[in-house]
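Residue-level structural notes
Chain by chain, the residues:
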Amino acid sequence: MTVRTRFAPSPTGYLHVGGARTALFSYLFARKHGGQFVLRIEDTDLERSTTESVNAILEGMTWLGLEYDEGPFYQTQRFERYDQIIDELLERGLAYRCACPKERIEQLREKQMAERLKPRYDGHCRGKEVSADEPHVIRFKNPDTGVVVVDDMIRGRVVFSNEELDDLVIRRSDGAPTYNLSVVVDDADMGITHVIRGDDHLNNTPRQINILRALGREVPRYAHVPMILGDDGARLSKRHGAVSVIAYRDQGYLPEALLNYLVRLGWSHGDQEIFSLDEMIELFSIGDVNRAASAFNTDKLDWLNQQYLQHADPARIARLLSPHMGRLGIDPATGPDLAEVVRVQAARAKTLVELAEISAFFYRDFEGYDEGAAKKHLRPVARESLEQLAAAFELMSFEDWTPAELKHVVERVAEELGVNMGKVAQPLRVAIVGRAASPGIDETLWLVGKDATLRRIAQALRYIGARAAAD
RNA sequence: GCUCCCUUCGUCUAGCGGUUAGGACGCUGGCCUCUCACGCCGGUAACAGGGGUUCGAACCCCCUAGGGAGCGCCA
């Protein structure tokens, strides 16, 4: 039997991190076992489903690199099939027409709640002959005795009593099938062997198994994964910041970092923290997924993103960084090779957005100095070293403008003035960068280039002069 | 209300009857150092509570508490 898993989102919003993790687990399980991963769009709710959502989900899957082998299938294109199944159940006496008005159902529910009972349909129309001509829904005739055992790959053995279940609606009065019916038909028709989904579906599982049995179809294995909470332990929502995977992309996270973060949420392999996709496929085991919900921790995602940023191929990061530079109004082609910039800056940023921000000075003069940095380093005492540096740089040829040569020059000036490196390098850094933080002064100067270096030193000297005059 | 699920440092987790309860993020002390960051060394901090079972429980059982989900003509 070939393993087949599926991801079945309903297109009523973007792809959020919880869904992405469920998709990842399904994907990993299929890949590990040489099976197929299917994408199915559950759009039977015509009111709330939108094509924008479908596109957002597909975009998210593509960005994450979760390739599906079949699909996307759309449930709205399979209504005929659901009708066929419902008619079959009706003919075989496994389902029946119910003409109970909504008011009766509501009254029933209220009465049951008042009696501290679980609200359930009472089977009022079970034995009745309701004409197909009058308004009605179709209900599945659920067994009223015995138990249903769900042998869940994550939860273990969960037992439900049929007495807790009622005759659920499988076809609405408008003729559309309901979720519990369509999901079962699709999983069976599509040969899904392992259903990996959110644990909010655990309570629906016994109903689905009963329908499957009535249809004489094979019951798949189930794995119900716990949900993801916000940093505060509350259910994840917009107020926690980004929940859409596309928002993470836009904020400058790498897909492999997000996948790595998500796979570790609820799962682990010893003390290992960093997993390539291949390692995930090799090592992931659905049975080892934690049963408890886990909180999304952006600090740890940031750390992972930084890890990937600094170890990834600089050329690739440069390609991903380029649009973020553009967003700052910078055309990377007008300055140093972006890949070199990435090479010297990558360990200093948590996201591509941050990487772009701290790298802007390589491409354009900054607007104003960081207050604290200027106050501390751009003082009259720095005048002499900056003047000497400028004079020395002025004499350097294009060929000599290398990190090694630049380092010699700065060291020589420090030596001549009888001060340590810091006394010379820090004022220079603030003059060139505008802030007190940057890569090594040699690489910084090298990438900024001679023209901008001299221009910014002159600017810094004017600043110091103005400041001295003001005092 | 009823049914089902869950509970180890602040967070993610290891543990699968005998451990000084381990690692990671965060926070923090130090080292490295031209700054920042990286890296390295160290510190902080947890078995929800109560009963059993057992020579011995974070691990097994029961109860309580606290979270969560479901109980739709949503998915």
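Just so it is clear, the structure is predicted and the values come from calculations on it, not from any experiment. (Residues numbered from 1 in each chain as written. Chains lettered and ligands numbered in written order. Predicted model: local features only at pLDDT ≥ 70, side-chain atom pairs only at ≥ 80, totals over all residues. Heavy atoms only, no water.)

One pass over the full model with this rule turns up 32 salt bridges. Put simply, Glu70 and Arg4 hold a salt bridge, and the shortest N to O gap is 2.9 Å. In this pair, Glu70 sits in strand 3 (residues 70-74) while Arg4 sits in strand 1 (residues 4-7), placing the two residues 66 residues apart along the sequence. For Arg4, a relative accessible area of 13% gives the class buried. Shared partners join several salt bridges into a network, and the residues in it are Arg6, Arg40, Glu42, Arg78, Arg81, Asp186, Asp187, Asp189 and Arg217. (Salt bridge = Lys/Arg side-chain N within 4 Å of Asp/Glu carboxyl O. Helix = DSSP H or I, 4+ residues; strand = E, 2+ residues; numbered from the N terminus. Buried < 20%, exposed > 50% of the residue type's maximum accessible area, 1.4 Å probe, protein only.)

Before going further, it helps to examine the pairing of strand 10 (residues 221-225). Of all the 5 residues making up strand 10, 4 are buried; the element is thus mostly covered by neighbouring parts of the structure. The pairing of strand 9 (residues 194-198) with strand 10 spans 5 bridges and is classified as parallel. Directly across from Ile196, in strand 10, lies its bridge partner Ala223. For the crossover that starts at strand 9, traverses helix 6 (residues 205-215) and ends in the parallel strand 10, the hand is right-handed. (Pairing = 2+ DSSP bridges. Right-handed = clockwise from strand over helix to strand, strands pointing away.)

Across the sheet, 3 strands lie side by side as 4-5-8; this open sheet has antiparallel pairing. Edge positions in the sheet fall to strand 4 (95-98) and strand 8 (169-171), since each has one partner strand and no second. Going across the sheet, the axis of each strand differs from the next one's by a mean of 45°, ignoring polarity. Relative to strand 8, strand 5 (residues 137-140) runs antiparallel, the two being bridged by 2 bridges. Residue pairing in the sheet places Arg139 in a bridge with Val169 of strand 8. Lying over the sheet, helix 3 (residues 79-91) contacts strand 4, strand 5 and strand 8, oriented at roughly 125° with respect to strand 8. (Axes fitted to C-alpha atoms, helices over the stretch in contact; angles between N-to-C directions. Contact = heavy atoms within 4.5 Å.)

Neighbouring RNA strand B are 60 residues; Arg155, Arg172, Gly266, Ala347 and Arg348 lie closest to it. Here RNA strand B approaches the protein such that, of its atoms within 4 Å, sugar and phosphate make up 72%. The contact in question runs from a phosphate oxygen of RNA strand B to an N or O atom on the side chain of Thr44, over 2.7 Å. Between a base nitrogen of RNA strand B and a side-chain N or O atom of Asn204, the distance comes to 3.1 Å. Secondary structure elements with two or more residues in the surface near RNA strand B: helix 4 (102-114), strand 7 (156-161), strand 12 (294-295), helix 10 (298-311), helix 17 (421-433) and helix 18 (441-448). Broken down by element, the surface near RNA strand B gets its largest block of residues, 6 residues, from helix 10. Among the residues making up the surface near RNA strand B, the classes are represented as 20 nonpolar, 19 polar and 21 charged. (Near = heavy atom within 4 Å. Polar contact = N/O pair within 3.5 Å; in protein donor to acceptor, adjacent residues only side chain to side chain. Nonpolar A, V, L, I, M, F, W, Y, C, P; charged D, E, K, R; others polar.)

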